[in-house]
Amino acid sequence: MFDDLMTLLVILSFGFPAIPWFFGARWGLRGVWLSTGFAVVILLCLFPILFWVACGACGQGAIAIFVLGPIWIASALLTVTSAAFTYYKYTR
């Protein structure tokens, strides 16, 4: 179960930079920044809570956060960069 959760979270982390493009196509510039804000909050705040709930005091959650933390931070930075590119694409 833990391995499946780790794999799922790695895959989801790489999908977050595409979110501004989807919301930008639907709602324009407002959707780009709104979706970026939600994506970054989910990446940096809600994923660690998932391990606290799922693992409790077993210790695997701490290991997972240590391993996935840099991936989440990089994904959050890529999401903001992707939003900037999307913003400039839709302003023209």
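Fair warning: this is a prediction, and the values are worked out from it, not measured in the lab.

About the thresholds
- Residues numbered from 1 in each chain as written.
- Predicted model: local features only at pLDDT ≥ 70, side-chain atom pairs only at ≥ 80, totals over all residues.
- Heavy atoms only, no water.
- Helix = DSSP H or I, 4+ residues; strand = E, 2+ residues; numbered from the N terminus.
- Buried < 20%, exposed > 50% of the residue type's maximum accessible area, 1.4 Å probe, protein only.
- Contact = heavy atoms within 4.5 Å.
- Areas by Shrake-Rupley, 256 points an atom, 1.4 Å probe, with all protein chains shown as cover.
- pLDDT = per-residue confidence, 0-100.
- Core = buried A, V, L, I, M, F, W, Y, C linked by side-chain atoms within 4.5 Å.

Asker: Please give an account of the overall build of the protein chain that cites residues and values.
Answerer: Helix and strand counts for the protein chain stand at 3 helices and 0 strands. Starting at the N terminus and ending at the C terminus, the protein chain contains elements arranged as α-α-α. Per-residue burial for the protein chain yields a buried fraction of 32% across its 92 residues. Considering only contacts within the protein chain whose residues lie at least 6 apart along the sequence, 80% involve residues at least 24 apart. In the structure as shown, the protein chain presents an accessible area of about 6,000 Å², 76% of it carried by carbon and sulfur atoms.

Asker: Could you give an account of the confidence of the model for the protein chain, with specific residues and numbers?
Answerer: For the protein chain, per-residue confidence averages 79 on the pLDDT scale, and residues scoring 70 or more make up 87% of the total. Taken element by element, the predicted model of the protein chain shows its lowest mean pLDDT in helix α1 (residues 2-15) (77) and its highest in helix α3 (residues 60-90) (82).

Asker: Describe the nonpolar core, listing the residues and the values that go with them.
Answerer: Core analysis: the largest hydrophobic core is formed by 11 residues, namely L5, M6, L9, F16, A39, L43, F47, A64, L68, W72 and A76. Secondary structure elements with two or more residues in this core: α1, α2 (19-55) and α3. Here the element with the most residues in this core is α3; it accounts for 4 residues. Beyond its immediate chain neighbours, meaning those up to four positions away, A39 contacts F16, I19 and T79.

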